[in-house]
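Residue-level structural notes
What follows is each chain in one-letter form.
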Amino acid sequence: EEAAEDEEKPTYSVATDNNYVPFEFIDQETDKLIGFDIDLINAIADEAGFDIEIEQMEFSGIVSAIPSGRFDIGIAGMTITEEREENIDFSQPYYDAGLILAVLDGNEEISSIDDVDGMTVATRVGSTSEDYLQENTDANVEAFPEITEAYRSVLTERTDAVLYDKPNVEYYAETEAGGELVTVGDLLQGEQYGIAFPKDSELRDEVDEAIDSLKESGKFDEIYTKWFGE
Ligand code: GLN
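Predicted model, so just to flag it, every value in this text is computed and none were measured.

Moving on, we get to the domain arrangement of the protein chain. In terms of domains, the protein chain is made up of domain 1 (2-94 + 194-228) and domain 2 (97-190). Summarising the inter-unit geometry, the C-alpha centres of domain 1 and domain 2 are found 26 Å apart. Every contact between the two is made by 17 residues of domain 1 and, on the other side, 17 residues of domain 2. Here domain 1 meets domain 2 over a buried area of about 1300 Å², counting both sides, of which 52% is carbon and sulfur. Together, Asn19, Tyr20 and Val21 form the three largest contributors to the area buried by domain 1 at its contact with domain 2, with a combined 41%. The interface formed by domain 1 and domain 2 includes 1 salt bridge. A salt bridge links Arg124 to Asp17, with the shortest nitrogen-to-oxygen separation between them at 2.8 Å.

A sheet is described by the order of its strands in space; here 3 strands give the open sequence E2-E3-E4, paired in antiparallel fashion. The strands lining the two open edges of the sheet, one partner per strand, are strand E2 (19-20) and strand E4 (33-34). In this sheet, strand E3 (residues 24-26) lies alongside E2 in antiparallel orientation, the contact comprising 2 bridges. Bridge pairing in E3 links Tyr20 to Glu24.

Before going further, it helps to examine the site of the ligand. Contacts to the ligand come from 14 residues, most closely from Gly77, Arg84, Arg124, Tyr164 and Asp165. For the ligand, whose accessible area on its own is 300 Å², the fraction buried by protein is 100%. Put simply, the ligand lies in the largest cavity. Residue composition of the shell around the ligand, grouped by class: 6 nonpolar, 4 polar and 4 charged. Lining the shell around the ligand are residues from two domains, each supplying at least three of them: domain 1 (2-94 + 194-228) and domain 2 (97-190).

Rules used throughout
- Residues numbered from 1 in each chain as written.
- Predicted model: local features only at pLDDT ≥ 70, side-chain atom pairs only at ≥ 80, totals over all residues.
- Heavy atoms only, no water.
- Domains from an automatic or database assignment.
- Contact = heavy atoms within 4.5 Å.
- Buried area = accessible area lost by both parts, 1.4 Å probe.
- Salt bridge = Lys/Arg side-chain N within 4 Å of Asp/Glu carboxyl O.
- Pairing = 2+ DSSP bridges.
- Helix = DSSP H or I, 4+ residues; strand = E, 2+ residues; numbered from the N terminus.
- Near = heavy atom within 4 Å.
- Areas by Shrake-Rupley, 256 points an atom, 1.4 Å probe, with all protein chains shown as cover.
- 1 Å grid on protein atoms, 1.4 Å probe; cavity = no way out; pocket = protein on both sides within 12 Å on 5 of 7 lines; lining within 4 Å.
- Sits in = over half its atoms within 2 Å of the grid points.
- Nonpolar A, V, L, I, M, F, W, Y, C, P; charged D, E, K, R; others polar.

Printed below as a string of structure tokens:
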């Protein structure tokens with residue numbers, strides 16, 4: 001009976017990033033893709049009764065691949081925006097985030113976004129932070145394909161600051177930057193993450209229901225606490 005059930009289980013392709021702590025990144029010890037989103041999508045698949053095949057790619061590639069239908073699901077700490085909603089259907093929001101500026105410890109010139117005009121600010125290609133900088137500041141925007149390159153550019157003083165999602169900046173600052181990268185100013189723009197689907201995908205409702213169940217059972221909180229603490 002179990003075998004018959006397995007045979008009927010559909011397999012869906014999932015596009016994700018691998019450079020976005022602690023949502024999806026490569027564990028340096030095991031070389032495996034891990035993170036909050038990876039645990040979440042696996043729990044959703046278990047709950048909804050499907051298998052997944054994960055493919056890793058650059059973040060901006062996911063945003064363009066999902067509308068084409070090349071993948072069934074995209075999960076990558078992707079912010080729900082009106083512009084993306086023109087080509088992508090999102091699940092219910094599953095994580096509250098927002099943008100924060102960070103500089104090298106000891107930088108006395110930049111203490112908020114008001115100080116970045118004329119400075120070089122690093123961020124990631126195709127992100128909401130790149131849009132924010134272009135629309136709201138006169139900074140020289142240097143957008144890298146990988147956000148870790150943007151952080152390194154600040155740490156090595158090739159750029160003056162970095163703008164990115166607060167949970168990612170904070171996790172990187174704590175785990176990788178050894179106190180050298182510090183956030184400054186307020187949260188600039190509240191954002192929410194959603195799981196992405198091609199327009200009119202029937203999977204969306206199934207995934208939303210699975211998220212509801214994981215919230216009711218406490219499994220969602222368990223995964224959240226594992227990555228973000230209480
Ligand atoms: N939340 C940001 C965005 O959607 C960045 C996500 C990421 O780098 N994986 O643009």
